[in-house]
Amino acid sequence: MAGYTLDLFAEEPAAQTRTELAAGAWLLHGFVLAQAPQLLAEVAQIEAVAPFRHLITPGGYTMSVAMTNSGALGWVSDARGYRYDPIDPQTGRHWPALPALFADVARRAAAEAGYPGFEPQACLINRYVASARLSLHQDKDELDQRAPIVSVSLGLPATFLFGGLQRNDKTARHRLVHGDVVVWGGPSRLAYHGVAPLAAGSHAATGECRINLTFRKVR
Ligand code: MD3
Ligand code: FE
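Residues numbered from 1 in each chain as written. Chains lettered and ligands numbered in written order. Predicted model: local features only at pLDDT ≥ 70, side-chain atom pairs only at ≥ 80, totals over all residues. Heavy atoms only, no water.

If you check an unreviewed UniProt entry, the protein appears there as Alpha-ketoglutarate-dependent dioxygenase AlkB from Amantichitinum ursilacus.

Next comes the structure, spelled out in structure tokens:
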């Protein structure tokens with residue numbers, strides 16, 4: 001169920017191709033390939049201030065994905081629940097500011113997918129090593145759910161699981177590779193989704209991991 005592909009300029013590289021994964025959800029193939037080195041340099045600066053850590057779910061499980069944030073708000077999980085917080089609970093300091101390049105990429109991708117005027121307030125940064133995974137969930141901690149979520153994939157490829165509005169709905173699988181951007185809006189915004197256990201490997205840009213950035217308007 002890979003929707004259809006719009007190839008606007010067939011003589012252009014893959015960066016010009018987009019695929020509608022589901023109603024309102026657009027995969028922009030290679031949209032940030034040219035910016036990937038700078039995006040990863042920004043991640044290195046962010047993690048120097050707000051290190052990656054394995055959050056604990058309210059149910060007491062340690063997440064296999066390591067996370068950090070940048071922006072005015074960051075997503076955190078602990079025994080008390082999930083929330084957005086302007087302060088990093090590990091350092092007691094504000095999350096590092098959203099780099100201008102991050103905001104620019106998020107705005108341009110959202111506009112490209114039909115969501116003009118997107119202003120990200122939070123960038124959750126996920127780091128996957130071999131066998132790290134994200135079980136099926138909905139992103140519903142944001143008060144403003146009319147805004148899309150923009151996701152950027154860097155490094156090792158992943159199998160993304162995309163379901164429906166109910167946990168038991170059938171899930172489709174999509175390969176997300178280095179440089180891909182997906183914009184999730186409209187009817188797909190509250191769909192269940194997850195990431196299958198990461199296959200071991202090495203990527204020239206990131207080494208033995210995958211980095212995913214998700215840009216969110218929270219309130
Ligand atoms: C579909 N991250 O951080 S990105 C997450 O690859 C998250 O790290 C995954 O799910 C990752 O919450 C998937 C793609 C994604 C992100 C948010 C969505 C898909 C989404 C929100 C609604 C629907
Ligand atoms: Fe999610």
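Back to the text.
Caption draft 1: Representation of the UniProt feature "binding site: Fe cation" (unreviewed entry) in the protein. Per the UniProt annotation, the sites labelled "binding site: Fe cation" (unreviewed entry) are H137, D139 and H193. For this annotated set, covering 57 residues, all C-alpha atoms fall within 8.7 Å of each other, a compact arrangement in space. Lining residues of the largest pocket drawn from the annotated set just named are H137, D139 and H193. Here H137 lies in strand β8 (residues 134–137). Excluding residues within four positions of it along the chain, H137 makes contact with A191, Y192 and H193. (UniProt positions renumbered as here; feature names shortened; annotations may be inferred. 1 Å grid on protein atoms, 1.4 Å probe; cavity = no way out; pocket = protein on both sides within 12 Å on 5 of 7 lines; lining within 4 Å. Helix = DSSP H or I, 4+ residues; strand = E, 2+ residues; numbered from the N terminus. Contact = heavy atoms within 4.5 Å.)

Caption draft 2: Region of the structure containing helix α2 (residues 100–112). When the terminal C-alpha atoms of α2 are compared, their 18 Å separation across 13 residues agrees well with the 18 Å that a helix rising 1.5 Å per residue should span. Just beyond α2, the residue with positive phi is G114, at close to 100°. (Expected span 1.5 Å × (residues − 1).)

Caption draft 3: Main features of the nonpolar core. With 31 residues, the main nonpolar core has F102, I125, V152, V181, I211, L213 and F215 as its most contacted residues. Looking at this core, the elements with two or more residues in it are β3 (25–28), α1 (36–49), α2, β7 (122–128), β9 (149–155), β12 (181–184) and β14 (210–216). Ignoring any residue separated from it by four or fewer positions in sequence, one finds V181 in contact with W26, L27, L28, F31, V32, A109, V150, S151 and V152. Counting 27 residues, the second-largest nonpolar core is a separate cluster that includes A122, L176, A191 and V195. (Core = buried A, V, L, I, M, F, W, Y, C linked by side-chain atoms within 4.5 Å. Buried < 20%, exposed > 50% of the residue type's maximum accessible area, 1.4 Å probe, protein only.)

Caption draft 4: Just the UniProt feature "binding site: 2-oxoglutarate" (unreviewed entry) in the protein, in detail. Within this numbering scheme, the UniProt entry marks N126, R127, Y128, R210, I211, N212, L213, T214, F215 and R216 as carrying the feature "binding site: 2-oxoglutarate" (unreviewed entry). Checked against the lining of the largest pocket, the annotated residues just named reduce to N126, Y128, R210, N212, T214 and R216. A relative accessible area of 4% means that I211 is categorised as buried. Those residues in contact with I211 that lie beyond four places of it in its chain are L40, V43, F52, I125, N126, R127, V152, S153, L154 and T206. With respect to the helices and strands, the residue T214 is situated in strand β14.

Caption draft 5: Quick peek at the sheet that holds strand β11 (residues 172–176). An order of β8-β13-β10-β11 is seen for the 4 strands of this open sheet, with the pairing classed as antiparallel. Because the sheet does not close on itself, it has two edges, and the strands there are β8 and β11. For this sheet the average axis-to-axis angle between neighbouring strands, irrespective of direction, equals 20°. In the sheet, strand β10 (residues 158–162) pairs with strand β13 (residues 193–195) via 3 bridges, with the strands oriented antiparallel. (Pairing = 2+ DSSP bridges. Axes fitted to C-alpha atoms, helices over the stretch in contact; angles between N-to-C directions.)

Caption draft 6: Expanded view of the side chain of S70. Its place among the elements puts S70 in strand β4 (residues 66–71). In contact with S70, not counting residues within four places along its chain, are I46, W95, P96, A97, L98, P99, F102, A122 and C123.

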